[in-house]
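The lines below spell out each chain.
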Amino acid sequence: MDPVMTPTFFPSSADAREALDAFFESFGFTTDADLSRLSAWVLGTRGQEARDAVELARARMEDWLSGVLGAGLARGGALLSRGRAAFVLCEAARWGADVLTLGPGEVPPELTRALRAAVPVPAPRELPTVMPEQQLVLWPLGELFRRWWRAGEPDVSISR
Amino acid sequence: MHAHSFSPDTTGLRRGCVLGLAASSTLLGTWEMYWLLSDWGLTAPEVVMLGLFALCFAWISLSFWTAVAGFLELALGGRVPGLRWPDAKEEAAPLNGRTAVVMPIHNEDPASVFANVQATYESLAATGRLDCFDFYVLSDSTRAEAWVAEELAWADLCQRVGGQGRIFYRRRSDNTGKKAGNLADFCERWGRRYDFMVVLDADSIMAGETLVKMARLMELNPRAGILQAPPRCVGKTTLFARLQQFAGRVYGPVVAAGAAAWQLGESNYWGHNAILRVSAFTEHCGLPVLPGQQPFGGHILSHDFVEAALMRRAGYTVWLVPELDGSYEQSPPHLLAYAQRDRRWCQGNLQHLRLVLAGGLHPVSRAHFLMGVMSYVASPLWLLFLLAGLGAALHGRVVDLESSMLDSEGALWLMGVSMAMLLLPKVFGLVLALARREEAERMGGRVRLVLSALAEIGMSTLLAPVMMLFQSHFVFGTLLGYRVSWTSQQRDDEELPWAEAARRHAVHTLAGVVLTAVVLVSSPGLLAWLSPVVVGLLLSIPLSVWTARASLGTWARRHGLFLIPEESDAPPVLTRALELAQRPLAPVEDGLERVLTDPRAHALHLALLESLPGSGAMPLVLASARRKLLEGTPEPLSTQEKTAALLDAETLTQARSRYAVRFGT
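Residues numbered from 1 in each chain as written. Chains lettered and ligands numbered in written order. Predicted model: local features only at pLDDT ≥ 70, side-chain atom pairs only at ≥ 80, totals over all residues. Heavy atoms only, no water.

Caption draft 1: Local environment of the overall build of chain A. A tally of regular secondary structure across chain A gives six helices and zero strands. In chain A, the order of α-helices and β-strands from amino to carboxyl end is α-α-α-α-α-α. Total accessible area on chain A stands at roughly 8600 Å², and carbon and sulfur atoms take up 56% of it. (Helix = DSSP H or I, 4+ residues; strand = E, 2+ residues; numbered from the N terminus. Areas by Shrake-Rupley, 256 points an atom, 1.4 Å probe, with all protein chains shown as cover.)

Caption draft 2: Summary view of the sheet that holds strand β2 (residues 133-139) of chain B. All names here are of chain B. Taken in spatial order, the seven strands line up as β3-β2-β1-β4-β8-β6-β11 in an open sheet, and their pairing is mixed. Only two strands of the sheet have a single partner each, and these edge strands are β3 (167-171) and β11 (317-320). Direction aside, neighbouring strands of the sheet carry axes that sit 20 degrees apart on average. One ladder, built from four bridges, connects strand β6 (residues 224-228) with β11; its direction is parallel. (Pairing = 2+ DSSP bridges. Axes fitted to C-alpha atoms, helices over the stretch in contact; angles between N-to-C directions.)

Caption draft 3: Representation of the interface of chain A and chain B. Listed as interface residues are 38 residues of chain A and, on the opposing side, 46 residues of chain B. Both faces considered, chain A and chain B share a buried interface measuring about 3800 Å² in area, 62% of it formed by carbon and sulfur atoms. A per-residue breakdown of the area chain A buries against chain B is headed by A:P122, A:M131 and A:L138, which together make up 20% of the total. Between chain A and chain B we count one salt bridge in total. Linking B:R189 and A:E126 is a salt bridge whose minimum nitrogen-to-oxygen distance equals 3.0 Å. Our count for the contact surface shared by chain A and chain B stands at 16 residue pairs in polar contact (both at pLDDT 80 or more). For the side of chain A that touches chain B, the elements supplying multiple residues, two or more each, are α4 (79-89) and α5 (109-118) of chain A. Its residues placed into classes, the side of chain A that touches chain B shows 25 nonpolar, five polar and eight charged. (Contact = heavy atoms within 4.5 Å. Buried area = accessible area lost by both parts, 1.4 Å probe. Salt bridge = Lys/Arg side-chain N within 4 Å of Asp/Glu carboxyl O. Polar contact = N/O pair within 3.5 Å; in protein donor to acceptor, adjacent residues only side chain to side chain. Nonpolar A, V, L, I, M, F, W, Y, C, P; charged D, E, K, R; others polar.)

Caption draft 4: Summary view of unusual backbone geometry. Residues and elements named next belong to chain B. In this structure, N107 takes a positive phi of about 55 degrees despite not being glycine. Summarising the element assignment, N107 is placed in the loop between β1 (99-105) and α4 (110-127). For K178, which is not glycine, the phi dihedral falls at a positive 50 degrees. Counting through the fold element by element, K178 comes out in helix α6 (residues 178-190).

Caption draft 5: Region of the structure containing the nonpolar core. If you look at the biggest cluster of nonpolar residues, it comprises 150 residues, and the most contacted ones within it are A:F24, A:F29, A:M61, A:L100, A:L115, B:F133 and B:F186. Setting aside residues no more than four positions away along its own chain, A:F29 makes contact with A:F24, A:D34, A:L35, A:L38, A:F87, A:A93, A:G96, A:A97 and A:L100. By size, the runner-up hydrophobic cluster in this structure holds 67 residues, among which are B:A261, B:A411, B:V475 and B:L496. (Core = buried A, V, L, I, M, F, W, Y, C linked by side-chain atoms within 4.5 Å. Buried < 20%, exposed > 50% of the residue type's maximum accessible area, 1.4 Å probe, protein only.)

Caption draft 6: Structural detail: the packing of helix α8 (residues 239-250) of chain B against helix α9 (residues 252-263) of chain B. Residue and element names in this part refer to chain B. Relative to each other, α8 and α9 sit at 45 degrees, their axes nearing to 3 Å. Looking at the two axes, α8 sits oblique to α9. Here A247, G248, R249 and V250 of α8 lie close against α9, whose contacting residues are G252, P253 and V254. Counted by class, the contact of α8 with α9 contains four nonpolar, two polar and one charged residues. (Parallel < 35°, antiparallel > 145°, perpendicular 65-115°, else oblique.)

Caption draft 7: Region of interest: the side chain of B:T30. Structurally, the position occupied by B:T30 is in helix α1 (residues 11-37). Here B:T30 is in contact with B:L50, B:F53 and B:A54, once residues within four sequence places are set aside.

Caption draft 8: Molecular detail of the UniProt feature "transmembrane region" (unreviewed entry) in chain B. All names here are of chain B. Residues annotated by UniProt as "transmembrane region" (unreviewed entry) correspond here to residues 12-31, 51-76, 369-392, 412-435, 447-470 and 526-548. Along residues 12-31, the helical share is 100% and the strand share 0%, with 27 Å between the first and last C-alpha atoms. Here residues 51-76 runs as 96% helix and 0% strand, with 37 Å between its end C-alpha atoms. (UniProt positions renumbered as here; feature names shortened; annotations may be inferred.)

Caption draft 9: Summary view of the confidence of the model for chain A. The share of residues in chain A with pLDDT of 70 or more is 76%, and the mean pLDDT across the chain is 79. Low confidence marks residues 1-11 of chain A, where pLDDT is under 50. Its contacts with residues over four positions away, or in another chain, come to 17 contacts. (pLDDT = per-residue confidence, 0-100.)

So this is what it looks like as structure tokens:
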């Protein structure tokens, strides 16, 4: 019997299923079969409230993504959103819901490669420093004069 | 301070020759003018005329002697002394430093921007030195459509070239300090990761070999702070742009070599197509905010000159390196776009007047500020000179002066010298191009090259009075306190409608009519002298429209006119950039709607928002946007509200669910 076609779970509410569907739709899954399979993958036979169900789905997806993407790409926060972007950009949903139920070592290497290559890395880790604003005395003679009169500040102030 | 400590031994001689000859020429010219005017004693308008003439003549003298220096430098095949160049062994060695290639952008066409980045990236990859470089597109785009389109184009580019982790994209939601602030933000966040930084403009393209050469020169010259590669204008099809490209290709090298020949390690930085030493730049080139209001106070608009001056003040040299080819940019497509760009630059350069006397700067840095000012102020000075001349002619002794001046050998000689000083630099460039057989062939052959140069001189003579009026307007406008909005530059080859040209040039045409009438009434003999000015003004509308036509530019190209080697035998990096720019890119009509309806745009936007958080949206605006988006208020969102929604991941996620339900996306 096809487990995808005949789900073996009974969510406590339709809301949970709806929330999970919305969550997985954002990864590009659209067919009812895929969405049912994924709900089953997240919840098993347990019933959950909608919010808990999504939290569980997030945790599952993060686990899966960190396994597939590897330590380098999984590092740096926002794993779920970066992973989801990669998933959508390389149209990984075409592989079907089953790939998510596979362990990291079992995911087809082509998909792993495509996912890793599609992870958006907008910038490397920051190494903060300060670019100090330079002091420019616009008219040094006037400045000398002002200082002589003890009246002045430099022409240009630090503005940041 | 280490003034002159990095300059070669010949510095004094070089500067003495160019500046000394310019000063002597100015004195001689002014003396001759004084004799011409003082035959019957000097009237008040004549005194003004003499002063204006001295200033204008000094400016063309300096340009002329700089061009002579450039001609000699190029004819003798010498390389500007002072920089250490790699030998064969050093050239083959791996690069040690890391370089960031940064492109600050602001509401530009993403197709063109990312085509330029990709072409440069691929050219660099072909050198085998890509490992030492990273690319950053630093967006300051304020339009949501540009922002979303940039994100999509960046993700596509990374996927196409496997540029993940090497091509980066960052958008600032706060545009403090404009381009200089954008670069400062980069330096403060990622600058420490790099030894050098190559700054590009949105229309810049650089060959990989050139990037490698620049990085190597920086490694070999540890006191060099900035190396400027003179960019060549390429890639446009309108007649105006092709004239600019041709002029830049034939005469530009003489000017650049001349400037490099006497400015040496105190050369200038033009803001793009240059490599900078990041640590020195970060430590010493943070721009101050000038006291007072715009146009002379506030943020420094033309940051490049000031950064060069600060870099030199800190003891690092700044070099213009004409030997670096493979550096390209694009010319504005027509006269009005050129003038629009000039308007921004004019205000920026005039602001530098406040910095001329600033403490601790190298004298040549001060000279750069003054030269930048003169490049715009020269126009109103020439205009005032012409008006003072007319005033003098109308001043009581009209007939006597006319007969004495027009028949005078001295007047003719002085005009001849002035014209020669203006035209000879072009002749130098032409002679050098003709002397290089291969290059001349690639420019349509020697006959067409000469014809093109003659046509270019004719056309630039006609356009000069219009530019003179434009620049005079900009200078006076700036002095009167008009503000300039620094919008992105028009870069597309768009034709100019007659109505627009008529609106913009009506004043110029009217000035031509009035000038003709005044001269005809007062002293008709002067009309021949003023004919280049009068004809240019009277024809300003048709000239502006016709030169904006790509059809005329293409026609000229088909006939081998104004041809540059980059057109007849394009380097691979340019061919590639052109090919990539022509790829269709799905337009983003509404940034917010695209993010809510397109799953790719949505997922990517959220990922970028969460990975690199910037400043959040204004709470009130966001609340209003949320109300409209999530509560189904049928009111359309304002631009500000759309931007606020695009900055808030939670709002986007919630709104996306609604859109997905509604549109089934």
